[in-house]
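Fold and geometry: a report
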Amino acid sequence: MPTDANKQEKKQLRKQHKHGTKEKGRRKQRRRILPIWLRIIIVLFLSALALLVGLIVGYGVIGDGNPLDALDWSTWERIWNLITKTQ
């Protein structure tokens, strides 16, 4: 048989549960340090930077060429011509 203390404890828990669900709707929204549009720009910038570093390392170190030639347009024209076999 439940005692009065147990009944009051259960009553208190139900009360807290009811108030807890109502407070969720009134919860203060989290303020972001960086807005989403800025995060997208940062990700795009870092991706482009990683691409350039990868091109320089791949062409210069692995390919035994001049690393800055990887950024030259004529290099990419020559590579494209080799791939498509046009002259």
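Residues numbered from 1 in each chain as written. Predicted model: local features only at pLDDT ≥ 70, side-chain atom pairs only at ≥ 80, totals over all residues. Heavy atoms only, no water.

1. Re the overall build of the protein
Quick reminder of the rule: We count a stretch as a helix when DSSP gives it H or I for four or more residues in a row; a strand needs E for two or more, and each element gets its number in order from the N terminus. Throughout this description, buried means an accessible area under 20% of the type-specific maximum (1.4 Å probe, protein chains only), exposed means over 50%, and partly exposed covers the range between. All accessibility values rest on the Shrake-Rupley procedure with a 1.4 Å probe; residue burial counts only the protein chains present in the view.
Counting its regular elements, the protein contains 3 helices and 0 strands. Each helix and strand of the protein, ordered N terminal to C terminal, gives the series α-α-α. Counting only residues that meet the buried cut, the protein has 3% of its 87 residues in that class. If you sum the accessible surface of the protein, you get close to 8700 Å²; carbon and sulfur atoms cover 62% of it.

2. Things to note about unusual backbone geometry
At Asp64, a residue that is not glycine, the phi angle is positive and equals roughly 55°. Relative to the helices and strands, Asp64 resides in the loop between α2 (36-62) and α3 (73-84). Given the relative accessible area of 68%, Asp64 is considered exposed.

3. Structural notes on the confidence of the model for the protein
To be explicit about the condition: Every residue carries a pLDDT, the predictor's confidence in it, which falls somewhere between 0 and 100.
Within the protein, residue pLDDT values average 83, and 84% of them lie at 70 or more. Taken element by element, the protein is modelled with least confidence in helix α1 (residues 4-25), mean pLDDT 67, and with most confidence in α2, mean pLDDT 94.

4. Topic: the UniProt feature "transmembrane region" (unreviewed entry) in the protein
The following threshold applies: UniProt positions are given in the numbering used here, feature names are shortened, and annotations may be inferred rather than shown by experiment.
Mapped onto the present numbering, the UniProt feature "transmembrane region" (unreviewed entry) falls at residues 36-62. Here residues 36-62 runs as 100% helix and 0% strand, with 37 Å between its end C-alpha atoms.

5. Some thoughts on a positive patch on the surface
As a reminder, the rule being used: Surface patches are defined over residues having more than 30% relative accessible area and no salt bridge, joining like charges when they lie within 9 Å and nonpolar side chains (Val, Leu, Ile, Met, Phe, Trp, Tyr) when within 5 Å. For this document, the term salt bridge refers to a Lys or Arg side-chain nitrogen within 4 Å of an Asp or Glu carboxyl oxygen. Positive charges come from Lys and Arg, negative ones from Asp and Glu, while His and the chain ends are left out of the count. Charged groups are reduced to one reference atom each: NZ for lysine, CZ for arginine, CG for aspartic acid, CD for glutamic acid.
A contiguous patch of positive charge on the surface is contributed by Lys10, Lys11, Arg14 and Lys15. Relative to the helices and strands, Lys15 is located in helix α1.

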